[in-house]
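The primary structure of each chain is shown beneath.
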Amino acid sequence: MSLAQLLKSHFLSHLIICYVFLVSGLIINLLQLCTLPLWLLDKQLARKVNCRLSYCISSQLVAALEWWSGTECSLYTDPKSYPLYGKENAIVVLNHSFEIDFLCGWTFCERFGVLGSSKVLAKKELAYIPVIGWMWYFLEIVFCKRKWEEDRKTVAESLQNLRDYPENYWFLLYCEGTRFTPKKHQISMQVAETKGLPKLKYHLLPRTKGFWVTVQNLRGTVAAVYDSTLNFRNNQTPTLLGILNGKKYHADLRIPLERIPEDESECADWLHKLYQEKDSFQEGYVQTGRYPGPTVSPPCRPWSLINWLFWSCLLLYPLGLLLVQLIISGSVVTILASVVLCTAASVGVRWMIGQTEINRSSNYGSKMTHQENN
């Protein structure tokens, strides 16, 4: 193991990275809170400010993927569509199979300059989590309770608020509603059999109602839907802990442009056919290790690394001074208190990482139901 790899896998390095992320995130959350009066004076300016502040948080995770672990990202796409990426609003339909699929989605948002303004449909509970959840609140992320009767109105209202958004954005949408697991897949295919739908091998049945509401409320504002299928070479199963350890992966993403019908039932049929196509592309990838079509590797932008280094220098300097003073003081009580604090922080960080693991994903979709798929 090289010295660089040894440093990347060391617990102390992980603790420093997480310290910088958490403390800088809380500082940025506080700055976002200070923008509340600005919303009353100039809503569009407040939105632009919050896009930049949000970028300061999310780009740190992207920097960990791109610059710390050195993960490579390749894009299989139509060369005619490539110049449009980042220059138009788009709904991005992603498969939900990996622990870091959200991070790879953010990485491609960053490479096309829409990371700070990117949106997602997220469960309501995430809005209360410090740093990411609070950042999303000010970014006008669309939150849902996963109860269709309640979500239909609130989600539509949140989406309508995005119609005059001043920045180009990608709306990342996981139509399966939850991460793929063998158990959930088995239940999902039982539902498919009940409904007379074709069975999928690599995906769960998409939840069509949420997709239709999203499309209908953003129609005229969003220029296209990007059907995106993410895979990792050599049957890799990437994790956030692996990224933190500096493990290198190679992500492949396929993005074509599509157009969808307005009618709800036709839109549902379109989405089911789309997932059948995604399944066939996944089958081809499993057999050949690549997608059809030309490959493009969007270059890494330096801004995520610069932002990461800025916050690291800003926050590690006072931390270093504090550690020196603790050692000089020689106070056993103070040193023990610091050790306890660091231990508690490390446990908390490991817990946060654990929440991204597939075996800790939500039970949404795990129970067999005869209700209409939403």
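Look above for the structure.
Fair warning: this is a prediction, and the values are worked out from it, not measured in the lab.

1. Some points on a nonpolar patch on the surface
A cluster of nonpolar side chains, contributed by Leu3, Leu6 and Leu7, occupies part of the molecular surface with about 320 Å² of accessible area. Of note, Leu3 is situated in helix α1 (residues 3-9).

2. Topic: the packing of helix α7 (residues 148-160) against helix α9 (residues 208-218)
Packing of α7 against α9 leaves a shortest axis separation of 9 Å and a crossing angle of 25°. Taken together, the axes of α7 and α9 lie roughly parallel to each other. As for the relative orientation of α7 and α9, their crossing is right-handed in sense. Across the interface between the two elements, Trp148, Arg152, Val155, Ala156, Leu159 and Gln160 from α7 touch Lys209, Gly210, Trp212, Val213, Thr214, Asn217 and Leu218 from α9.

3. Remarks on unusual backbone geometry
For Glu140, which is not glycine, the phi dihedral falls at a positive 60°. With respect to the helices, strands and loops of the structure, Glu140 is situated in the loop between α6 (132-138) and β4 (142-144). Take Glu140: its relative accessible area is 16%, and that puts it in the buried class.

4. Let's talk about helix α5 (residues 101-111)
Burial analysis of α5 places 10 of its 11 residues in the buried class, the great majority of the element. Among all positions of α5, only Asp101, Leu103, Cys104, Gly105, Trp106, Thr107, Phe108, Cys109, Glu110 and Arg111 are buried. A positive backbone phi angle near 75° is found at Gly113, which sits one or two residues after α5.

5. Points about empty space enclosed by the protein
Counted according to the given criterion, the structure contains 2 cavities of 30 Å³ or more. Size it by volume and the largest cavity reaches roughly 40 Å³. Contributions of two or more residues to the lining of the largest cavity are made by β2 (90-94), α5, β5 (170-173) and β7 (250-255). Looking at which element gives the most residues to the lining of the largest cavity, the answer is α5, with 4 residues. A class-by-class count of the residues in the lining of the largest cavity yields 9 nonpolar, 1 polar and no charged. A volume near 40 Å³ is recorded for the second largest cavity.

6. A closer look at helix α8 (residues 182-195)
In a regular helix each residue adds 1.5 Å, so 14 residues correspond to 20 Å; α8 covers 20 Å between its end C-alpha atoms and thus fits that length. Within α8 the residues assigned to the buried category are Lys184, His185, Ile187, Ser188, Met189, Val191 and Ala192. Once α8 ends, the next one or two residues include Gly196, with phi positive near 75°.

7. Let's talk about the packing of aromatic side chains
Following the criterion strictly, the structure yields 17 aromatic pairs and no others. Ring centres 5.5 Å apart and planes at 80° place the aromatic pair Tyr85 and Phe112 in the edge-to-face group. Here the residue Tyr85 occupies a position in the loop between β1 (72-77) and β2, and Phe112 occupies one in the loop between α5 and β3 (119-123), the gap between them amounting to 27 residues. Owing to a relative accessible area of 3%, Tyr85 belongs among the buried residues under this scheme. For Phe112, a relative accessible area of 12% translates into the label buried.

8. Quick look at the pattern of salt bridges
The full count for this structure, using the stated rule, is 11 salt bridges. Where Arg233 meets Asp252, a salt bridge forms, and the shortest distance between an N and an O atom there is 2.9 Å. Taken as a pair, Arg233 in the loop between β6 (224-232) and α10 (240-244) and Asp252 in strand β7 lie far apart in primary sequence, 19 residues in all. With a relative accessible area of 25%, Arg233 lands in the partly exposed category. Overall, the relative accessible area of 0% leaves Asp252 in the buried class. Connected through salt bridges with shared partners, the residues Arg47, Glu140 and Asp164 form a single ionic network.

9. So, the nonpolar core
Counting 90 residues, the largest nonpolar core has Ile91, Trp106, Trp136, Trp170, Phe171 and Phe211 as the members making the most contacts within it. Excluding residues within four positions of it along the chain, Ile91 makes contact with Phe171, Leu173, Thr214, Val215, Leu218, Val222, Ala224, Val225 and Tyr226.

10. Here we look at the pairing of β5
Looking along a regular strand, one sees the side chains alternate between the two faces of the sheet. Of the two faces of β5, the one lined by Trp170 and Leu172 and the one lined by Phe171 and Leu173 are each fully buried. Of the strand pairs in this sheet, β2 and β5 are connected by 4 bridges, and their pairing is parallel. By the bridge assignment, Ala90 is partnered in β5 with Trp170. In the sheet, β3 pairs with β5 via 2 bridges, with the strands oriented parallel. Paired with Lys119 across the strands is Phe171, a residue of β5.

11. As for the environment of Ser188
With respect to the helices and strands, the residue Ser188 is situated in helix α8. Discounting chain neighbours no more than four positions away, the residues touching Ser188 are Leu204 and Leu205.

Cut-offs used in this document
Residues numbered from 1 in each chain as written. Predicted model: local features only at pLDDT ≥ 70, side-chain atom pairs only at ≥ 80, totals over all residues. Heavy atoms only, no water. Patch = residues over 30% accessible without salt bridge, like charges linked within 9 Å, V, L, I, M, F, W, Y side chains within 5 Å. Areas by Shrake-Rupley, 256 points an atom, 1.4 Å probe, with all protein chains shown as cover. Salt bridge = Lys/Arg side-chain N within 4 Å of Asp/Glu carboxyl O. Helix = DSSP H or I, 4+ residues; strand = E, 2+ residues; numbered from the N terminus. Axes fitted to C-alpha atoms, helices over the stretch in contact; angles between N-to-C directions. Parallel < 35°, antiparallel > 145°, perpendicular 65-115°, else oblique. Left-handed = near helix turned anticlockwise from the far one by under 90°. Contact = heavy atoms within 4.5 Å. Buried < 20%, exposed > 50% of the residue type's maximum accessible area, 1.4 Å probe, protein only. 1 Å grid on protein atoms, 1.4 Å probe; cavity = no way out; pocket = protein on both sides within 12 Å on 5 of 7 lines; lining within 4 Å. Points joined across faces, edges and corners; volume = space filled by probe spheres on them. Nonpolar A, V, L, I, M, F, W, Y, C, P; charged D, E, K, R; others polar. Expected span 1.5 Å × (residues − 1). Phe/Tyr/Trp six-rings, centres within 6.5 Å; stacked < 30°, edge-to-face > 60°. Core = buried A, V, L, I, M, F, W, Y, C linked by side-chain atoms within 4.5 Å. Pairing = 2+ DSSP bridges.

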